[in-house]
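Examining the three-dimensional arrangement
Letter by letter, the chains look like this.
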Amino acid sequence: MEQSTFIQQVASEKNNAVTKSAALQEPRFVRYTLTFIALAFLAFFIVLPLVSIFSTAFQKGVGVYVAAITHPDAMAAIKLTLTVVAIAVPLNAIFGVMAAWALTKFNFKGKNLLLTIVDLPFAVSPVIAGLVFILLFGSQGLFGDWLFEHDIKIVFALPGIVLATVFVTLPFVARELIPLMQTQGTSEEEASISLGANGFKTFWYVTLPNIKWGLLYGLVLCNARAIGEFGAVSVVSGHIRGMTNTMPLHIEILYNEYQFAAAFAVASLMSVIAIITLIVKDIVAWKSKSA
Amino acid sequence: MSSLTVNKKTRRIIPGFHLSLGYTMLYVSLLVLLPLSMIFIHTMSLSWAEFIDIVTAPRAVASYKVSFSTALAAGLLNVIFGTIIAWVLVRYSFPFKRIIDGLVDLPFALPTAVAGIALTSLYAPNGWIGQFFNFKIAFTPLGIIIALTFIGLPFVVRTVQPVLQNISAEVEEASASLGATRLQTFRKVIFPELAPAILTGFSLAFARALGEYGSVVFIAGNMPMKTEITPLIIMTKLEQYDYAGATAIAVVMLVTSFILLFSINLIQWLANRRFVH
Amino acid sequence: MKKRKHFLQSLALISALALTLTGCGSSSSEKNTSAQDTKKSVELLNVSYDPTRELYDEFNKDFIKKWKDETGQDVTINQSHGGSGKQGRAVIDGLEADVVTLALAYDIDEIAQARGLLNKDWQTEFENNSTPYTSTIVFLVRKGNPKGIKDWDDLIKDDVSVITPNPKTSGGARWNYLAAWAYAGKLYKNDEVKIKEFMKALYSNVEVLDSGARGATTTFVERKIGDVLIAWENEAYLTLKELGDEFDIITPSLSILAEPPVAIVDKIVDKKGTREVAEAYLKHLYSERGQEIAAKNFYRPRNEKILAKYQEQFPTLELVSIDDFGGWAEAQAKHFKDDGTFDEIYVPQ
């Protein structure tokens, strides 16, 4: 089914290409050169590392590979990672839409400041991103005593890992939507409102269809990054085997135990998950385009 | 496009200002500002002289230079190649395009440590790629640039791609029918539309590269004064239970990143205003 | 309209998936707590450093069996491993460890100092400075020792490339540094200027300064960089066992007695009511079984009888101890704090 989708996709793209007039296309050699540069760059920076991960993963045979990803500790890590993602991504998606709406549909003082604050988590070193939550919720932190008294665990438990992940992936959806909504301006929404639609309806029927690809991109990226976050989570996790180890931390543990094949097996599984989300996104995109 | 004066009126026309802004402010206050304020609070346990001493120590200064120059190089590489990749992915068709499109996100999904290990094994002197070069790549600043380019690539591609997809063919057709060559259309019509996204992609990739730790420690070699990055300095201070010293360096990084992102956002806003008028 | 329907469908699908997953997550944690409530079982958290994984893997199984036989109670032992300093910090910041088994006493001192989680004289609580097993610092060289490395002074030769982790980020590597310092101290009769020159020459031969011990081992073994890896003896043996036979272990004439200590975190065990089992756990490390397991995992046992049994594995050599450096607090301040002797090596004066 995927393949037929793919073929239809190619076919429809070819049709598009034919209908395009020559003035809208670069000369053939430019197209080929650009494509070659892009592919070569991706080959050196992405494909080769990926190939090396898979080749190490299967170095000791399929048996070791399967054993590595079905090991109870690995399963616990996968489950924890998915739980974290399931909480963090929706939170940041809602935030992203809200922030993009506020920042692109209105003008107000301090807009650039707010925009920069939204960007900030990208720029904060993962080491610091983890540390700040320790400083807040750790035993010596601002809320440390209160949490200890009430026996609430935030850091070195699920809530801390979620918080760190939310922090690190906070800007993704917003950042994807803002440039998009900026280029679209506000005229369509204004028209809708002046025709009597309420705010929510306007958002749902006018804005959302315009931004859905950006939103989907944002979700996919946020999801990918949430799965892969290492540095910040490493600081707040406590590294308890089978309990607070996420997939990236589990990989580190295996690697440090010289189980290179097993470590890379789990890593390859993560890259497969990422690629699958992308393919799913593309299928959804194609289906709705052709519908 | 609406002009600035119309925008001011829209505040009244389009609803949801207070809700969306309020929610945004609350969310960033709780999840960004409050946590980050802890860095400043901890730094304040130092006197001004101590603070200056820590952040201007020779090893710290050397690490700023390493981090800054490698992040800049990686950011620029990503701007050039990221834009080309986004262009090719949106405009051209070639075999396995879907899968290749998917691969671009890999640097986000792969734990940075795994990326670091994989890149080190490729670019080490005995690696698949490293063996073909008669100079060292891994364990030099070059290795750091490679790791940072890897982690930053999706930022540029994924900010440029949706904007490129949204540029309607009509604008280009109009430009072409008015007699513009393809290059002119690109320079005068497409590029101005893309420029903000490219700039955003660059600033995000650059800022992310400044703070990156997980992948770099494997490939950098970590030689003090030569390939020691600033986040590593923070780690060394933490290992000595020196929270104040660690947060002092973190403050420097945070303020630098903030100024950088803020100025780029400001430039964009000003540029936007100019285009609009 | 249809477009939006597809989009919404996929969104709904994703959120349903998300909800199911959260459901799974919370139900599993319920299981954990219900297991805790039944008094027939008890849980321990051992926060340890990196190179003890294999040791505690084996030791925990042994202890679980022993505890079950003696008391009929099931004990679950959770392990956490990481860099020694990072682990120490985690305990200070609220990781509720019942016992800590770290690379150096300094890290446990910090835990005692920062929050008073345990007594300042914790090191007197168990025998032998609360160190049930020891190790020392040796060299790992390529098979056949092509560079003819025999002792510390061979490491400062121009054509020798050395791999060792950064003592500022790796607790274990601080022992490496101090071992080299001790050798130079003996060689130059404690002339500090000359010792520093020696250290400078040694560290200028270091090609990659990894942040942790296992990273350094990987650089040496997998990347094939360097002629000699300065490593803990147990790590060197483990490398031979796990990563093949292409290496030799060289024991220098003088080294340091590396003492990775263990301690009960008083406040935590009292809060959780796990003191009894925690104490039994650490005491079991000193038993013949525990000592045997340590020796099998290449740590030098304290028990003379077991040590004699494994003497081939552990050649005798002249060993200095951390007390010769005035204890950890002093060593830390002099060598590894900012502007300490280690910084002097790298910062142009």
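Fair warning: this is a prediction, and the values are worked out from it, not measured in the lab.

1. Observations concerning the overall build of chain B
Of the regular secondary structure elements, chain B holds 13 helices and zero strands. Secondary structure of chain B in N-to-C order comes out as α-α-α-α-α-α-α-α-α-α-α-α-α. Expressed as lengths along the three principal axes of its C-alpha atoms, the size of chain B is roughly 65 × 55 × 25 Å. Taking all 277 residues of chain B together, 60% fall into the buried category. The long-range share in chain B, meaning contacts at least 24 apart out of those at least 6 apart in sequence, stands at 75%. Taking the average location of the 19 positive side-chain charges in chain B and that of its 12 negative ones, the two points are 10 Å from each other.

2. A short note on the UniProt feature "transmembrane region" (unreviewed entry) in chain A
In this structure's numbering, the residues bearing the UniProt feature "transmembrane region" (unreviewed entry) are residues 29–54, 74–101, 113–134, 154–174, 215–240 and 260–280 of chain A. Secondary structure content for residues 29–54 of chain A is 100% helix and 0% strand, and the end C-alpha separation is 34 Å.

3. Overview of the confidence of the model for chain B
All names here are of chain B. Mean pLDDT over chain B: 87, with 94% of residues reaching 70 or higher. Across chain B, helix H4 (residues 58–91) holds the top mean pLDDT of 95, while helix H1 (residues 4–13) sits lowest at 48. Predicted as a complex, the structure gets a pTM of 0.85 and an ipTM equal to 0.84.

4. Looking at a nonpolar patch on the surface
Residues and elements named next belong to chain B. There is a patch of nonpolar side chains on the surface, built from Phe 40, Met 44, Val 255 and Ile 259 and spanning about 390 Å² of accessible area. Its location among the elements puts Val 255 in helix H13 (residues 243–276). Judged by relative accessible area, Val 255 falls into the partly exposed class, the value being 36%.

5. Let's talk about the domain arrangement of chain B
Residue and element names in this part refer to chain B. The assigned domain composition of chain B is domain 1 (16–45) and domain 2 (47–272). On a C-alpha basis, the centroid separation for the pair domain 1 and domain 2 is 25 Å. On the domain 2 side, the residues contacting the six residues of domain 1 number eleven residues. Surface buried jointly by domain 1 and domain 2 totals about 640 Å² across both partners, of which 79% is contributed by carbon and sulfur atoms. It is Ile 39, Phe 40 and Thr 43 that lose the most area in domain 1 upon contact with domain 2, and together they represent 63% of the buried surface on that side. Summed over the shared surface of domain 1 and domain 2, the number is zero salt bridges.

6. Some points on the side chain of C:Asp98
Residue and element names in this part refer to chain C. By the element assignment, Asp 98 lies in the loop between helix H3 (84–92) and strand S3 (99–101). The exposure class assigned to Asp 98 is buried, which follows from its relative accessible area of 0%. At a separation of 2.7 Å, a polar atom in the side chain of Asp 98 contacts the main-chain amide nitrogen of Leu 45. Once residues lying within four places of it in the same chain are set aside, the contact partners of Asp 98 are Glu 43, Leu 44, Leu 45, Ala 263, Ile 264, Val 265, Ile 268, Val 269, Lys 272 and Thr 274.

7. A look at the packing of aromatic side chains
Evaluation of the coordinates by the stated rule reveals 49 aromatic pairs over all chains. Both rings, one in A:Phe58 and one in A:Tyr65, keep their centres 4.2 Å apart while their planes meet at 10°; by these two values the pair is stacked. Residue classification places A:Phe58 among the partly exposed residues on the basis of a relative accessible area of 37%. Aromatic pair C:Tyr203 and C:Phe342: ring centres 5.5 Å apart, planes at 80°, arrangement edge-to-face. Placement of the pair is C:Tyr203 in helix H7 (residues 192–204) and C:Phe342 in helix H15 (residues 341–346), with a sequence separation of 139 residues. As far as the burial class goes, C:Tyr203 and C:Phe342 line up, both buried. Among the aromatic residues, those joined into a cluster by ring pairs are C:Tyr177, C:Trp181, C:Tyr203, C:Phe336, C:Phe342 and C:Tyr346. Directly above the ring of B:Trp87 sits B:Arg91, whose terminal nitrogen or CZ lies 4.8 Å from the centroid. Directly above the aromatic system of A:Phe148 lies the positively charged group of C:Lys271, at a separation of 4.1 Å from the ring centroid.

8. Quick word on the environment of B:Pro111
Residue and element names in this part refer to chain B. If you trace the backbone, Pro 111 turns up in the loop between helix H6 (106–109) and helix H7 (112–123). Its relative accessible area of 1% is what places Pro 111 among the buried residues. Spatially, the C-alpha atom of Pro 111 lies 10.0 Å from that of Ile 151, the residues being 40 residues apart in sequence.

Reading guide: rules and limits
- In this convention, every chain numbers its residues from 1, walking through the sequence in written order.
- Throughout, the order in which chains and ligands are written sets their labels, letters from A for the former and numbers from 1 for the latter.
- Whole-chain, interface and lining totals are the exception, using all residues; otherwise, since this is a predicted model, local features are given only for residues with pLDDT of at least 70 and side-chain atom pairs are given and counted only at 80 or more.
- Side-chain measures here rest on the full set of heavy atoms in the structure, leaving out hydrogens and waters.
- Helix numbering and strand numbering both begin at the N terminus, where a helix is a DSSP run of H or I of at least 4 residues and a strand a DSSP run of E of at least 2.
- For every residue, the accessible area (1.4 Å probe, protein chains only) is compared with the maximum for its type, and the residue is labelled buried under 20%, exposed over 50%, or partly exposed between those bounds.
- In what follows, a contact means two residues having at least one pair of non-hydrogen atoms within 4.5 Å.
- As used throughout, the charge tally considers Lys and Arg to be positive and Asp and Glu to be negative, leaving His and the chain termini uncounted.
- Just so you know, the charge point we use is NZ for Lys, CZ for Arg, CG for Asp and CD for Glu.
- UniProt positions are given in the numbering used here, feature names are shortened, and annotations may be inferred rather than shown by experiment.
- As a per-residue quantity, pLDDT reports the predictor's confidence and falls between 0 and 100.
- Residues qualify for a patch when their relative accessible area is over 30% and they have no salt bridge, like charges being joined within 9 Å and the nonpolar side chains of Val, Leu, Ile, Met, Phe, Trp and Tyr within 5 Å.
- What sets the accessible areas is the Shrake-Rupley method with a 1.4 Å probe; for residues, cover comes only from the shown protein chains.
- Salt bridges are defined by distance alone: a side-chain nitrogen of Lys or Arg within 4 Å of a carboxyl oxygen of Asp or Glu.
- Residue ranges assigned to each domain were obtained from an automatic or database domain assignment.
- By buried area we mean the combined loss of accessible area, with a 1.4 Å probe, across both parts when two parts are placed together.
- N or O atoms closer than or at 3.5 Å make up a polar contact, with two conditions inside protein: a donor-capable atom paired with an acceptor-capable one, and, for residues adjacent in sequence, both atoms drawn from side chains.
- Working definition: rings of Phe, Tyr and Trp (its six-membered ring) pair if their centres are within 6.5 Å, and the pair is stacked with planes under 30 degrees apart, edge-to-face with planes over 60 apart, and tilted otherwise.
- Here, a charge over a ring is recorded when the distance from Lys NZ or Arg CZ to the ring centre is within 6 Å and its angle to the ring normal is within 35 degrees.

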